[in-house]
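Spelled out from the first residue to the last, the chains are:
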Amino acid sequence: MSAEAERGTAGFLVWRLSMKWRVAVDRAVGPLGLTHAQYALMASLYGMSRSGLRPSQRRLADHTGLEALYVSKLARALEAAGLVARTRDPDDPRAMQLSLTEEGRDVTRRAIRVVQGLLDQLLEPLGGQDGPRARQFTRDLATLLDAPLDPTTENDEEQS
């Protein structure tokens, strides 16, 4: 571990790890014509569709943690590239449902294989994806993702 990392706060290390991951995924899926954000949307859509879901843009935004407006922008770009189909939700005419095209499924499957290779590399120091340390790390990350963060609470207390 670098001296900088040893002195870093948890927030700094989370930021650095997220940037390291984003850059690595961007480089890995770039040859497939994707960005990290597009990959995140398509891989999530792929997984949800395998579970029988045809999510709205809003549901996909909630699932990925991306802003709804950004998901809309990504979906339009992926639609223009022939990778995603956007259709009106029959139950809510204001909502757009997303699905992968055949080409989108093919690109997504290839991208998932590439990103799984990166994940293998990332988690190797923890004993690999199936190792007990990696499983605990995954549980810890899930715990942190479930923890509520409300930046207005801290600001309100400081202003009182």
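Attention in this report is confined to the structure presented alongside it.

Calculation rules
- Residues numbered from 1 in each chain as written.
- Predicted model: local features only at pLDDT ≥ 70, side-chain atom pairs only at ≥ 80, totals over all residues.
- Heavy atoms only, no water.
- Helix = DSSP H or I, 4+ residues; strand = E, 2+ residues; numbered from the N terminus.
- Buried < 20%, exposed > 50% of the residue type's maximum accessible area, 1.4 Å probe, protein only.
- Areas by Shrake-Rupley, 256 points an atom, 1.4 Å probe, with all protein chains shown as cover.
- Lys, Arg positive; Asp, Glu negative; His and termini not counted.
- Charge placed at Lys NZ, Arg CZ, Asp CG, Glu CD.
- Core = buried A, V, L, I, M, F, W, Y, C linked by side-chain atoms within 4.5 Å.
- Contact = heavy atoms within 4.5 Å.
- 1 Å grid on protein atoms, 1.4 Å probe; cavity = no way out; pocket = protein on both sides within 12 Å on 5 of 7 lines; lining within 4 Å.
- Points joined across faces, edges and corners; volume = space filled by probe spheres on them.
- Nonpolar A, V, L, I, M, F, W, Y, C, P; charged D, E, K, R; others polar.
- Axes fitted to C-alpha atoms, helices over the stretch in contact; angles between N-to-C directions.
- Parallel < 35°, antiparallel > 145°, perpendicular 65-115°, else oblique.
- Left-handed = near helix turned anticlockwise from the far one by under 90°.
- Pairing = 2+ DSSP bridges.
- Expected span 1.5 Å × (residues − 1).
- Salt bridge = Lys/Arg side-chain N within 4 Å of Asp/Glu carboxyl O.
- Polar contact = N/O pair within 3.5 Å; in protein donor to acceptor, adjacent residues only side chain to side chain.

### Examining the overall build of the chain
Scanning the chain for helices and strands turns up eight helices and two strands. In sequence order, the chain lays out its α and β elements as α-α-α-α-α-β-β-α-α-α. For the chain, the spread of C-alpha atoms along the principal axes amounts to about 50 × 45 × 25 Å. Per-residue burial for the chain yields a buried fraction of 28% across its 160 residues. Taken as a whole, the chain presents about 10,800 Å² of accessible surface, with 54% of it coming from carbon and sulfur. Looking at charge distribution, the chain has the averaged site of its 21 positive side-chain charges lying 8 Å from that of its 22 negative ones.

### With respect to the nonpolar core
Core analysis: the biggest nonpolar cluster contains 25 residues, and Val29, Leu34, Tyr39, Leu41, Met42 and Leu78 have the highest contact counts within it. Among the elements of the structure, helix 2 (10-29), helix 3 (36-50), helix 4 (57-64), helix 5 (68-80), strand 2 (92-100) and helix 6 (102-123) are those that each provide at least two residues to this core. If one sorts the elements of this core by residue count, helix 3 sits on top with eight residues. For valine 29, the residues in contact, after removing those within four places along its chain, are Leu34, Thr35, His36, Tyr39, Ala111 and Val115.

### Description of the layout of surface pockets
Of the pockets and cavities examined, the largest pocket occupies roughly 2,200 Å³. Lining the largest pocket are 41 residues; nearest its centre among them are Leu17, Ser18, Trp21, Phe137 and Leu141. Broken down by secondary-structure element, the contributors of at least two residues to the lining of the largest pocket are helix 1 (3-7), helix 2, helix 3, helix 4, helix 6 and helix 7 (132-146). Among the elements that take part in the lining of the largest pocket, helix 2 stands out by supplying eleven residues, more than any other. When the residues that make up the lining of the largest pocket are grouped by side-chain class, the tally is 27 nonpolar, nine polar and five charged.

### Quick word on the packing of helix 4 against helix 5
A pair of packed helices is captured by two measures, namely the crossing angle of their axes and the spacing between those axes. Put simply, helix 4 and helix 5 touch, their axes get as near as 9 Å, and they point 115° apart. The angle between helix 4 and helix 5 falls in the class roughly perpendicular. The two elements helix 4 and helix 5 cross, and the hand of that crossing is right-handed. Contact residues: helix 4 offers Gln57, Arg58, Ala61 and Thr64, while helix 5 offers Ala68, Val71, Ser72 and Ala75. Looking at side-chain class alone, the contact of helix 4 with helix 5 contains four nonpolar, three polar and one charged residues.

### Here's the deal with the pairing of strand 1 (residues 84-89)
The pairing of strand 1 with strand 2 spans six bridges and is antiparallel. Among the inter-strand pairings, arginine 88 is bridged to a residue of strand 2, identified as methionine 96.

### Focus on helix 5
With 13 residues, helix 5 ought to run about 18 Å at 1.5 Å a step, and its terminal C-alpha atoms sit 18 Å apart, in line with that. At its buried positions, helix 5 is contacted by helix 3, helix 4, strand 1 and strand 2. The first or second residue beyond helix 5 is glycine 82, which carries a positive phi of 80°.

### A look at the side chain of aspartate 89
Inspection of the secondary structure assignment puts aspartate 89 in strand 1. For the buried aspartate 89, no salt bridge exists, and the shortest N-O distance to an oppositely charged side chain is 8.4 Å, to arginine 54. Polar side-chain contacts of aspartate 89 include one of 2.8 Å to the backbone nitrogen of aspartate 91. Among all residues touching aspartate 89, those that are not within four sequence positions of it are Ala95 and Gln97.

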